[in-house]
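Each chain, letter by letter, is given below.
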Amino acid sequence: MTDLATMHARYDRLGLADVAARVLGGERLSIEDGERLFACPDVTALGALAHHARTRLHGDKTYFVVNRHLNYTNICVNGCLFCAYRRERGEDGAFALSLEEAEAKVRATPEDTAEIHVVGGCHPSLPLAFFEELLARVKRLRPKALLKCFTAVEIAHFARLESITPREVLARLKNVGLVMMPGGGAEIFDPEVRTRICPHKLTAEEWLDIHRLAHSMGLRTNCTMLFGHLETRRHRMEHLDALRRLQDETGGFTCFIPLPFQTENSRLTGITPLTGLEELRTIAVSRLMLDNIRHIKAYWVMLGVKQAQAALYYGADDLDGTVVEEKIGHMAGAKSEAALTKTELMAMIRHCGFTPVERDSLFNELSEPSAPLGPASQEAACAS
Ligand code: V47
Ligand code: SF4
């Protein structure tokens, strides 16, 4: 039998020959196709399709970024039930950085940092002028770093506090160097689940509207999905479909980040953590559904380093970055390292047989791709 015939027979046995043919033909998959892929017991067959789609886009390149997270406060008016990071004002462990404290953290950041990722809770009184000054100071200290700051949730919050429109907020932040918004706050779009896990957060439509607006103003954004809590696989599919529809309209999303729920220290109790295979299925289906979003991030902070490496064979092409001082996932029990060095990220990528490519927030390539390890050195690395 030819390779193609063997492959056809495999997907035929699984009842997925038509879906596999659509993937190989570069055709769009429906929500129902996605559900059928999710239900496929042979996770490696699903992974092979996602890997095909990933390889068609990126060959064996795997991206990473030298970046730093800057969480300016954990005081938040929202109180999402899944969040272990948030505190009430005055509560033990609550913090709000001064401009000088934030500056000191940026000064301690290596000169070659390509991205500074600034997010925090929805603080009840910090004015927009504080954030304008913060971004201006960060830009002054690290002029080469791109500023990826503030989720749609924070933008909506600033607009409410200042009684101005989200457009005005974004225009003022863009003026002091904002180029990109991270993808947080999307959670899951289904209105019933959303009400149960984050009743005070902006609605799905509001989240999508702010990203649409940002794209129309020339800003790029990422997008996320928080999964493994109260949602069903169908909810995940509908979430991906909503992101895909907005991307058809604007083309402004750069990267999708599937975020597996970390179950510790939150008010969302009684949730069994997802199996590793269900995480990989979700990443693979995301790659296959989001045919118009170029990059899928295996965020090692939430997945753990080993699972993030496996995810590179299930559709992901990016590992995020050095991160430094991540709080949201680690306060929720994420078992991953506190930070990774550039050397460690490159080794992680090479040991899986991919070519590491350093990037900035917009996925501009900053380095010549450097070759993956050959089989002999891979063996040595595995034995060490
Ligand atoms: O919006 C909160 C999620 C998000 C938990 O755009 C949790 O490049 C899992 O969006 N378990 C913030 N997830 C993180 C985020 C992000 C991270 C890295 C890169 C980018 C990017 C975006 O974290 C929140 C929420 O969806 N989150 N609590 C938890 N217990
Ligand atoms: Fe606040 Fe964000 Fe935590 Fe929700 S997820 S409580 S908005 S910090």
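- By the naming in an unreviewed UniProt entry, the chain is Aminodeoxyfutalosine synthase.

## Some points on the UniProt feature "binding site: [4Fe-4S] cluster" (unreviewed entry) in the chain
Turning to step 1, where the next piece is worked out: Per the UniProt record, the feature "binding site: [4Fe-4S] cluster" (unreviewed entry) sits at Cys-76, Cys-80 and Cys-83.
Turning to step 2, where the next piece is worked out: Given the relative accessible area of 13%, Cys-76 is considered buried.
Turning to step 3, where the next piece is worked out: Beyond its immediate stretch of four places on either side in the chain, Cys-76 contacts Arg-86, Arg-87, Gly-121 and Cys-122.
Turning to step 4, where the next piece is worked out: With respect to the secondary-structure elements, Cys-80 resides in the loop between strand S2 (67-71) and helix H5 (99-107).
Turning to step 5, where the next piece is worked out: Excluding residues within four positions of it along the chain, Cys-80 makes contact with Ile-197, Cys-198, Lys-201 and Arg-267.

## Observations regarding the UniProt feature "binding site: S-adenosyl-L-methionine" (unreviewed entry) in the chain
Turning to step 1, where the next piece is worked out: UniProt records the feature "binding site: S-adenosyl-L-methionine" (unreviewed entry) for Phe-82 and Glu-187 in the present numbering. In terms of the greatest pairwise C-alpha distance, the residues named above, spread along 106 residues, form a tight cluster of at most 9.9 Å across.
Turning to step 2, where the next piece is worked out: Residue position: Phe-82 is located in the loop between S2 and H5.
Turning to step 3, where the next piece is worked out: Excluding anything up to four places from it in sequence, Phe-82 contacts Glu-187, Ile-197, Cys-198, Lys-201, Leu-226, Phe-261, Ser-266 and Leu-268.
Turning to step 4, where the next piece is worked out: Among the secondary structure elements, Glu-187 is positioned in the loop between strand S5 (178-181) and helix H9 (191-197).
Turning to step 5, where the next piece is worked out: A relative accessible area of 7% places Glu-187 in the buried class.
Turning to step 6, where the next piece is worked out: Aside from chain neighbours lying at most four places away, what touches Glu-187 is Phe-82, Arg-194, Ile-197, Cys-198, Lys-201, Thr-224, Met-225, Leu-226 and His-239.

The rules behind these values
Residues numbered from 1 in each chain as written. Chains lettered and ligands numbered in written order. Predicted model: local features only at pLDDT ≥ 70, side-chain atom pairs only at ≥ 80, totals over all residues. Heavy atoms only, no water. UniProt positions renumbered as here; feature names shortened; annotations may be inferred. Buried < 20%, exposed > 50% of the residue type's maximum accessible area, 1.4 Å probe, protein only. Contact = heavy atoms within 4.5 Å. Helix = DSSP H or I, 4+ residues; strand = E, 2+ residues; numbered from the N terminus.

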